[in-house]
Amino acid sequence: MDLNLTLQQRQQLSQSQIQSLEILAMDSLELNHLLKNEYLENPMMEHAEGTSEDNYSEPLTAYYETSAGSYISTDEEDDRRRDFSAPKEDLLQEYLLSQLDIKLYSPQEWSLFHYLIDCLDDNGFFTMPVEEVAQKNNVPLDFVKQCLYTLKQLEPYGIFSPNLQESLLHQLDALDMNNEVLTQMILYHLHDIAEGKISNISRSLHISTADVRKNLEIITRLNPRPLSGFNSGTNGYIIPDIIFQKENDSWTVRLNDSWVRNYSLNDYYLKMMNSSSDTELIAYFKEKLRRVQFILNSIEQRRQTILSIAEIILDIQQDFFDNNGPLVPMTMSDVANRANIHTSTVSRAVKGKYLQYTGGSLFLKNMFTTSVSRQDNGSVTPMVVKQYIKEFIEAENKQKPYSDQTLVKLLSEQNIHVSRRAIAKYREELGIKGSFDRRTI
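Because the structure is a prediction, the values reported are computed rather than measured.

This brings us to the pattern of salt bridges. Applying the stated criterion to the full structure yields 15 salt bridges. Residue Asp142 pairs with Lys433 through a salt bridge whose shortest N-O separation is 3.2 Å. A residue pair is termed long-range when its members are at least 10 positions apart, and Asp142 in helix H6 (residues 141-152) and Lys433 in the loop between helix H19 (420-429) and helix H20 (435-438) qualify at 291 residues. Classification of Lys433 as partly exposed rests on a relative accessible area of 31%. The partner of Lys390 in a salt bridge is Glu394, with the nearest N and O atoms 3.6 Å apart. Of this pair, Lys390 and Glu394 are both found in helix H17 (residues 382-395), four residues apart, which corresponds to roughly one turn of the helix. Taking the relative accessible area as the measure of exposure, Glu394 reaches 49% and is therefore partly exposed. Members of the salt-bridge network, linked through shared partners, are Glu109, Lys390 and Glu394.

Here the focus is the sheet that holds strand S5 (residues 250-255). Spatial strand order, S5-S4-S7-S8: four strands in an open sheet with mixed pairing. Of all strands in the sheet, those with a lone pairing partner are S5 and strand S8 (360-363), marking the two edges. Sheet twist, expressed as the average angle between the axes of neighbouring strands with direction ignored, equals 20°. Direction of pairing for strand S4 (residues 242-247) relative to S5: antiparallel, over a ladder of six bridges. Residue pairing across strands places Phe244 opposite Val253, the latter belonging to S5.

Conventions used here
- Residues numbered from 1 in each chain as written.
- Predicted model: local features only at pLDDT ≥ 70, side-chain atom pairs only at ≥ 80, totals over all residues.
- Heavy atoms only, no water.
- Salt bridge = Lys/Arg side-chain N within 4 Å of Asp/Glu carboxyl O.
- Helix = DSSP H or I, 4+ residues; strand = E, 2+ residues; numbered from the N terminus.
- Buried < 20%, exposed > 50% of the residue type's maximum accessible area, 1.4 Å probe, protein only.
- Pairing = 2+ DSSP bridges.
- Axes fitted to C-alpha atoms, helices over the stretch in contact; angles between N-to-C directions.

This is the structure:
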């Protein structure tokens, strides 16, 4: 054993850089909450009352396009505001079903989707026996399980679980945070968690109390009631972060954050800082001033980054916005390369944000799709491949259903080349069983 000195270079984010990245990842509501809290705590920040006419919110029921592909305006004189509400009993169904592609499911599947959603309890759990569902709807038991599996993949994560334990485990899997200790704590120690019996969990799982507390912190961030808030009887509202407007065949991109201009430096305390002779008071004001300047500068950087990304998305997906065409394969790396920024920056910038255009509102992250290569040097999205798979299986001979390898060959005839493993993955995501289970005698 010996001691020695080594010299190495290492990049490390400063605390201010970390905070700036956190501001970039905030959506409009989180940013508004940050500024309000800072205004309440920081005397150097001034807030001018009043709202900007450029701001508007949109009901959650208008989150996705209507079946006709357009919006119903409640005020013909104000084309910016599209506030329309649905009966509260339809809010949950619209939110869940809008996450599914209508082209990928049959009318019978859509009918059962509606029925299964109606069977959810107020917490979002599905406790009705699947045998009873099959009997009441006169459909095969496997068909019910397939539809239920599809609905379990939707957000909010954990919905359609039969109990609290499975709901929490599903949330952890969706967040890619699950481990053996968390699984054991959720399956066998929820009662101890509720009563704060850390030592019982520690002795049972043979881990330290520090490890118990670390995993307990993760569990407390999960949602024990996936549907909390949906049955409150009020409309849920979202605020689009990015707005695409088309005028005279030309698109403009803007952010819905003009309310940020209502926050500024407080002139009164600036003068007090400059005229005061109290060194402690001056130091206090200078610290608060640096905080305000840092936040406002970070918000401006956030604006420029998001606008740059939005303009690139508009350019790549021009046909989608103009003609409601299919999405062009686009990854975050593609956008990052064109914007000359890191991929992680794009990921933070689009996190939790919504985009509104003339055809509706979209979750911005859903605009990013990977590509599948074609022999003709073109590319298609996985959604197109899934559509082909579904059509092939629906037309197959049920006594001799297609194997995954056969589906690979059928897709190659369409100049689409994917592996057998990819076929199996897409098929499972569609809730379609393997060829052996699909065979009928």
